[in-house]
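# Structure assessment
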Amino acid sequence: MIRSNRGKIKKTAEPPSRRSFLTILWTVLGIAAIGELIAVIITFLKRGKTGKISGKSENLIEAGYADSFPVNSVTANIQGRFYLCRMADGGFLALSSKCTHLGCTVPWEEKEKRFACPCHGSSFDSNGSVITAPAARPLDMFPVHIENNMVKVDTGKRIEREKFLKNQLTYVKKGLS
Ligand code: FES
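Here the protein averages 82 in pLDDT, and 74% of its residues register 70 or above. Predicted confidence for residues 43–56 stays below pLDDT 50, and this span has six contacts to residues more than four positions away or in other chains.

In structure tokens form, the structure reads like this:
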């Protein structure tokens with residue numbers, strides 16, 4: 001600042017070197033921000049493409065080899081919070097362990113051959129259908145994929161059902177077991 005001969009204060013211009021430094025700084029920061037944004041968009045688009053091609057989510061859990069599950073069995077998978085049920089005809093069904101009434105975890109009772117909720121008494125059979133209310137719909141299911149005899153359950157795609165249908169079962173392709 002410079003005081004003039006009339007006593008008024010005059011503002012002096014910033015030194016050119018400081019102004020150009022700030023201009024360069026803001027330009028560099030702007031370019032970096034745009035680059036970051038482009039990288040995020042590309043990553044997002046790539047992830048979406050991969051999902052469509054494979055048709056699988058990132059929550060695929062390998063439950064075990066198909067022939068290690070006897071028919072008429074229910075096997076708990078603690079990590080995935082599901083039960084892998086193998087039906088009498090060899091079909092697989094992955095059932096959520098979460099009760100469809102208010103969400104309690106339902107244990108499988110081997111002796112009774114049913115899932116029995118400890119909270120309010122709902123029970124379900126081995127395909128998840130309601131035996132006893134208050135639950136109003138079957139246990140949710142997860143898609144099952146069998147590749148090279150390995151049973152994989154996609155816990156990222158919970159499916160609510162109105163009732164059990166045979167086409168919900170997944171089978172080992174003949175000649176691959
Ligand atoms: Fe299972 Fe209520 S939460 S019966």
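Quick look at a nonpolar patch on the surface now. Together, Phe21, Leu22, Leu25, Trp26 and Leu29 make up an exposed nonpolar region whose accessible area comes to about 520 Å². Among the structural elements, Leu25 can be located in helix H1 (residues 16–54).

This next bit is on the nonpolar core. One finds Cys85, Leu93, Leu95, Val106, Phe115 and Phe124 to be the most contacted residues of the largest nonpolar core, which totals 16 residues. If you list the elements that add at least two residues to this core, you get strand S5 (82–86) and strand S6 (92–96). Excluding residues that lie within four positions of it along the chain, Leu95 makes contacts with Arg81, Phe82, Tyr83, Cys85, Phe115, Ser126, Asn127, Gly128, Leu139, Asp140, Met141 and Arg161. Counting 13 residues, the second-largest nonpolar core is a separate cluster that includes Phe69, Phe92, Phe142 and Val153.

Inspection of the sheet shows strand S4 (residues 73–77) paired to S5 by five bridges, in the antiparallel sense. Each residue of the ladder has a partner; that of Ala76, found in S5, is Tyr83.

Another point: the sheet that holds strand S3 (residues 60–65). Taken in spatial order, the three strands line up as S3-S13-S12 in an open sheet, and their pairing is antiparallel. In this open sheet, the two edge strands, each paired with only one partner strand, are S3 and strand S12 (144–147). Averaged over neighbouring strand pairs, the angle between their axes works out to 30° when direction is ignored.

About the cut-offs
- Residues numbered from 1 in each chain as written.
- Predicted model: local features only at pLDDT ≥ 70, side-chain atom pairs only at ≥ 80, totals over all residues.
- Heavy atoms only, no water.
- pLDDT = per-residue confidence, 0-100.
- Contact = heavy atoms within 4.5 Å.
- Patch = residues over 30% accessible without salt bridge, like charges linked within 9 Å, V, L, I, M, F, W, Y side chains within 5 Å.
- Areas by Shrake-Rupley, 256 points an atom, 1.4 Å probe, with all protein chains shown as cover.
- Salt bridge = Lys/Arg side-chain N within 4 Å of Asp/Glu carboxyl O.
- Helix = DSSP H or I, 4+ residues; strand = E, 2+ residues; numbered from the N terminus.
- Core = buried A, V, L, I, M, F, W, Y, C linked by side-chain atoms within 4.5 Å.
- Buried < 20%, exposed > 50% of the residue type's maximum accessible area, 1.4 Å probe, protein only.
- Pairing = 2+ DSSP bridges.
- Axes fitted to C-alpha atoms, helices over the stretch in contact; angles between N-to-C directions.

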